[in-house]
Amino acid sequence: MKSVFSLLALPLLAAAYPPKHDAPHPGPDGKFTLKAPGITAKFIAYSAAITNLVVLDRNGVERDIILGYDNASLYPVDPNHPDYGAVPGRYTNRIANHNYVLDGERYYTEANDGNGTLHSGLNGWSRRTWNVTRMTENSITFSIRDESNSSMGMPGLVIGTVTHTLDAKSWSTRLEGVAVTHKTPIMLTTHPYWNLDAFNNPKTDLILNHTLSLPFGKRMIGIDPTTQSTGSLPSVPKGSVNDFWSAPKQLGASSGDAAWVGNCGSAFGCSGYNNQWIVDREAADADKPVATLSSDFTGIKWDLYTDQAGVVVYSCHWMGGSNELKASQKGPATNGFVRSNGCVAVEPHDWIDGINHPEWNRTSKQIFGPDTKPFVSNIQYKFSTF
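This is a predicted model, so every value here is computed, not measured.

### Observations concerning the packing of aromatic side chains
Phase 1: Taken as a whole, this structure holds 20 aromatic pairs when the rule is applied.
Phase 2: Ring centres of Tyr69 and Tyr75 lie 5.3 Å apart, and the angle between their planes is 70°; on these two criteria the pair is classed as edge-to-face. Neither Tyr69 nor Tyr75 differs from the other in exposure class; each is buried.
Phase 3: Ring geometry for Trp125 and Trp130: centres 5.5 Å apart, planes at 90°, overall edge-to-face.
Phase 4: Under the relative-accessibility criterion, Trp125 is labelled buried at 0%.
Phase 5: For Trp130, a relative accessible area of 3% corresponds to the buried category.
Phase 6: These aromatic residues form a ring-pair network of at least three members: Tyr69, Tyr75, Tyr84, Tyr193 and Tyr314.
Phase 7: The ring of Phe386 has Arg58 lying over it, and the distance from NZ or CZ to the ring centre is 5.4 Å.
Phase 8: A cation over a ring is seen here: Lys218 above Trp245, with NZ or CZ 4.6 Å from the ring centre.

Right, here's the structure in full:
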């Protein structure tokens, strides 16, 4: 009997070994440009990242609403390394206490986030240059061959592919990972940072005026003072600082709440959001957006669709003013750099640190091997104006 791997992984393996002469080449700016009606985006092979995303505002003005750098060569050497637009992996987000147990064996991962691991450590997928295996006018596919323990504590060979596709006013990403030789954690996502004002609002360069809705976010992943998961799954009370389910509200609407400071890590005084909301929805709601973000200044709105069971929202508390803005984003309210609360990162993926909480029953969504189906995630942003 053929294994699940042999039947399902061959296309991914082929993508990992592209013919050298067929590899697409970037433009003069070092970026790969995709276009579709009402949208233009640019990508780089480093971290399979999106670097630019341009849509029209309500007045027909082009706005680049993704954070990144004009200079593509800066991404690999940026000492701040904010994971701009990246695909983190092979296991995204945090692993508490930099260890986990798999089939009775304890694995230790790199402690690069206090005593925890963030995005699989300092050699995770968001710190690698991927292969570019296919490109059309509106689509690009990247692949990566991740050898066993290339990221500390991640066993077995994994082949990953990411396909970014533009359609009319839409950006979609399909992420896949195949564990070739050994059972291993796999959890992937995209990591865009948004400012729907494109930093051109003359009154503010912050995103506290952006309106967010998380209609299925009535529970969260509980965190300790250092933002590591605790295993609790607290409910989100109506009207609380973390309530985006009962009605849409601006990201800064609860800044006067006593819980605002420390909400995203009380040990460090993190204010605002760096939290994951669980997507609790019925099958009948599978085709509905799990998040909506909008700006009253530009009238730009996106709706986020995904098959993932959680959404991380980070309101950029730790941006310290050392990340330079693109030339088109240096609006009248900016000092030329990203300030704290100047952006919001959104990451759709399964429950943070689920590999350490078997009681959550997330194993089939986060542990993969030669005899399982591949990891697959689908993420789509649909843009409109109001």
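The discussion continues.
### A few points about the pairing of strand E18 (residues 274-278)
Phase 1: Across the 5 residues of E18, 5 count as buried, placing the element largely inside the fold.
Phase 2: By the alternation rule, side chains of E18 split into Asn274, Gln276 and Ile278 and Asn275 and Trp277, which are all buried.
Phase 3: The pairing of strand E16 (residues 219-220) with E18 spans 2 bridges and is antiparallel. Of the residues in E18, the one forming a bridge with Arg219 is Ile278.
Phase 4: Two strands pair when backbone bridges link them, and E18 and strand E21 (residues 310-314) are joined in this way by 5 bridges, in the antiparallel orientation. What sits directly across from Trp277, in E21, is Val311.

### Here we look at the sheet that holds strand E20 (residues 300-306)
In a beta sheet, neighbouring strands pair by backbone hydrogen bonds and run either parallel or antiparallel.
Phase 1: In space, the 9 strands of this open sheet follow the order E9-E10-E11-E12-E24-E20-E19-E15-E17, with antiparallel pairing throughout. On the outer flanks of this sheet lie strand E9 (131-135) and strand E17 (249-250), each paired with one strand and no other.
Phase 2: Examined bridge by bridge, strand E15 (residues 211-213) and E17 share 2 bridges and lie antiparallel to one another. If you follow Thr211 over to E17, its bridge partner there is Gln250.

Rules and cut-offs
One numbering rule holds for all chains: residues counted from 1, following each sequence as written. Local features in this predicted model are restricted to residues whose pLDDT is 70 or higher, and side-chain atom pairs enter the listing and the counts only when it is 80 or higher, whereas totals over whole chains, interfaces and linings include all residues. Hydrogens and waters are ignored; side-chain quantities use all the structure's heavy atoms. The rule is short: rings of Phe, Tyr and Trp, with Trp giving its six-membered ring, pair when the centres are within 6.5 Å, and they are stacked under 30 degrees, edge-to-face over 60, tilted in between. Partly exposed residues are those whose accessible area sits between 20% and 50% of the maximum for their type, while under 20% is buried and over 50% is exposed, using a 1.4 Å probe and protein chains only. A ring is scored as having a charge over it whenever the NZ atom of a lysine or the CZ atom of an arginine sits within 6 Å of its centre and within 35 degrees of its normal. Here a helix means four or more residues in a row that DSSP labels H or I, a strand means two or more in a row labelled E, and each is numbered from the N terminus. Paired strands, as defined in this entry, are two strands with at least two bridges between them according to DSSP.

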